[in-house]
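Structural features, examined
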Amino acid sequence: MSEQRELTRALSARHVQMIALGGSIGTGLFLGSGTAIHSAGPALILAYLVTGIFAFLMMRAVGELLLSNLKIRSFIDFAKIYLGTKWEFAIGWAYWLAWASLAMADLTATGIYIRYWLPNVPQWLTPLIVVLVALNLTTVKLFGEMEALFASIKIIAILALIASGLIMIMTGFHQGNNVASFQNLISHGGFFPKGLKGFILAFPMVIFSFTGIEMIGLTAGETKNPKIDIPRAINAVPIRIALFYIGAITIIMAIFPWNQITTTQSPFVQVFARSGINFAAGIINFVVLTAALSAANSAIFSTSRTLYVLAKNRLAPHSLAHLSKNNVPITGMLASAIIFLIVVLLNYFFPSQAFNLITGVANTSFIFVWILILITHLKYRKTNAQLNSFKMPWFPYTDYLTIIFYIFILIILIINPSTTLSVILTFVFFAIMLGGYQILERRNNNSSF
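These remarks concern the structure in this document. Since we're looking at a predicted model, the values are computed, not measured. (Residues numbered from 1 in each chain as written. Predicted model: local features only at pLDDT ≥ 70, side-chain atom pairs only at ≥ 80, totals over all residues. Heavy atoms only, no water.)

Concerning the overall build of the protein
- When helices and strands are tallied, the protein shows 19 helices and two strands.
- Counting every position in the protein, which comprises 449 residues, the buried fraction comes to 58%.
- Within the protein, residue pairs in contact and separated by at least 24 positions form 81% of the contacts whose partners lie at least 6 positions apart.
- Summing over all exposed atoms, the protein offers an accessible surface of approximately 17400 Å²; the carbon and sulfur share of this is 68%. (Helix = DSSP H or I, 4+ residues; strand = E, 2+ residues; numbered from the N terminus. Buried < 20%, exposed > 50% of the residue type's maximum accessible area, 1.4 Å probe, protein only. Contact = heavy atoms within 4.5 Å. Areas by Shrake-Rupley, 256 points an atom, 1.4 Å probe, with all protein chains shown as cover.)

Some points on the packing of helix 4 (residues 75–83) against helix 5 (residues 85–117)
- Where helix 4 meets helix 5, the closest approach of the two axes is 7 Å, and the angle between their N-to-C directions is 155 degrees. When the axes of helix 4 and helix 5 are compared, the pair comes out roughly antiparallel. In this structure, helix 4 crosses over helix 5, and the sense of that crossing is right-handed. Here F75, I76, D77, A79, K80 and L83 of helix 4 lie close against helix 5, whose contacting residues are T85, W87, E88, I91, G92 and Y95.
- Of the residues that constitute the contact of helix 4 with helix 5, the class distribution is seven nonpolar, two polar and three charged. (Axes fitted to C-alpha atoms, helices over the stretch in contact; angles between N-to-C directions. Parallel < 35°, antiparallel > 145°, perpendicular 65-115°, else oblique. Left-handed = near helix turned anticlockwise from the far one by under 90°. Nonpolar A, V, L, I, M, F, W, Y, C, P; charged D, E, K, R; others polar.)

Thoughts on the pattern of salt bridges
- Summed over all chains, the structure comprises one salt bridge.
- The residue E64 makes a salt bridge to R381 at a minimum N-O spacing of 3.2 Å. With E64 in helix 3 (residues 44–68) and R381 in helix 17 (residues 354–383), this residue pair connects regions lying 317 residues apart in the sequence. Comparing E64 with R381 shows no difference in burial state: the two are buried. (Salt bridge = Lys/Arg side-chain N within 4 Å of Asp/Glu carboxyl O.)

Digging into helix 15 (residues 330–340)
- Within helix 15, the full set of buried residues consists of G332, M333, S336, A337 and F340. One side of helix 15 carries all its buried residues, which in axial view fall inside an arc of 130 degrees. (Arc of directions from axis to C-beta.)

A few points about the packing of aromatic side chains
- The tally for this structure, following the rule as stated, stands at 20 aromatic pairs.
- With a centroid separation of 6.4 Å and an interplanar angle of 85 degrees, the aromatic rings of Y95 and W99 are classed as edge-to-face. Highlighted residues: Y95 and W99, both in helix 5, separated by four residues, approximately one helical turn. Both residues of the pair, Y95 and W99, belong to the buried class. (Phe/Tyr/Trp six-rings, centres within 6.5 Å; stacked < 30°, edge-to-face > 60°.)

Considering the environment of A335
- Examined against the element boundaries, A335 turns out to sit in helix 15.
- By relative accessible area, A335 is classed as partly exposed at 29%.
- With 15 residues separating them in the primary sequence, A335 and L320 have C-alpha atoms 8.2 Å apart.

A few points about unusual backbone geometry
- Between F395 and the following residue, P396, the backbone shows a cis peptide bond with an omega angle of 0 degrees.
- Here P396 lies in the loop between helix 17 and helix 18 (397–415).
- Unlike most non-glycine residues, W394 shows phi in positive territory, near 55 degrees.
- Relative to the helices and strands, W394 resides in the loop between helix 17 and helix 18.

Points about helix 19 (residues 417–442)
- With 26 residues, helix 19 extends 39 Å between its outermost C-alpha atoms, agreeing within 8% with the 38 Å of an ideal straight helix rising 1.5 Å per residue.
- Looking only at helix 19, the buried set comprises T419, S422, V423, T426, F429, F430, M433, Y437 and L440. (Expected span 1.5 Å × (residues − 1).)

Focus on the packing of helix 9 (residues 203–210) against helix 18
- Where helix 9 contacts helix 18, the axes come no closer than 9 Å and their chain directions differ by 120 degrees. Between helix 9 and helix 18, the angle falls in the class oblique. Crossing handedness for the pair helix 9 and helix 18: left-handed. Touching F203, P204 and I207 of helix 9 are F405, Y406, I409, I412 and L413, all from helix 18.
- In the contact of helix 9 with helix 18, the residues fall into eight nonpolar, no polar and no charged.

Some thoughts on the nonpolar core
- Ranked by internal contacts, the top residues of the largest apolar core, which has 130 residues, are L44, M58, I367, W370, I373 and Y406.
- Among the elements that line this core, the one with the most residues is helix 5, at 17 residues.
- With residues up to four places along the chain from it excluded, the contact list for I367 reads I207, Y406, I409, L410 and L413. (Core = buried A, V, L, I, M, F, W, Y, C linked by side-chain atoms within 4.5 Å.)

Just distances and angles here, no functional claims.
Written out as structure tokens, the structure reads:
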């Protein structure tokens, strides 16, 4: 019986490291950074630094929770222990929505990237999800191998961008009146060309770049050696942020003035295309396409495992806990994939607004989850005398500061006209889910659910 099976520990240390990379380097950096650059200019570098610090602190909270009890395989289960079943239900379904909307954003991005080569292909034509589902239906180890491949492509591409960019800067590469130089970071309106307002408005898209970084908190149940692999992956977060985010964004704006980068195409592609290196631009477009596929692949993994945990805990239809012969939550995966196809309709009717609308929902959902993770961590620390060695630094001040920062981002999302609708839709979803929980409580003795 599939109900008697459990998720298998088939992810190696290499898989965990690559999944951590794949979760933190995706569409937000490769495509969304164009919007963020337009909002803040070079000050975006500082926004990535600030957001990265709080992302690392949140990840330390995740790591401490996971290592406090290796029998518990997901941070969703910790919410049940320390906050109660109601909040387990809330964080579980919020996390499912977060990854579902993120998958839609990534699939939207694949349509945008493909049009670089095939401009006449409709943006809504994004059937690549079918391939990703088929591959995920096999084994978790294959998922790890896929993510390792995708992450390797992204890492090589970003390192190549940084290396080639440094060469262009040192040699004074120029096209027309544009000269590659770090001077570009201050010579086009200063470091804060859009002022404090522009700097603040860039944070939501920067936050989107970090969505999925906590996914390592779902791999604990399928990791061979979580006690060693999880701390190693989390402690590498600052290095990844410094190199892949701050390093790449700095090089892009040094090569090409920030005010000439558009929001309709990946800045990575624009830099090489406008510099006359069209061959390299094509390669980079392929890379950002694989990055979107990687994030969509991660979304399939996360949503299916989230539904599996909820179903096992009787907070979702029991059929969603069904495992295939390869111990993959097949029904949860297929259910999520069907929902993902809503993106086809959004891109058909609202091709120009689809990406911003979906990223707003993803941002709101992820922030809600991150705040609940931190609240869970606070409750854990207050109720446990014995702590593991992987502790949150400067507790509890770092927990409170990180929560305040995420609430600040939520306020920005609410007052920003471009994301107000996304926040409203997300809150409506949460309200429906909490209402559904009340119904579920009254039916908790019904064995069919």
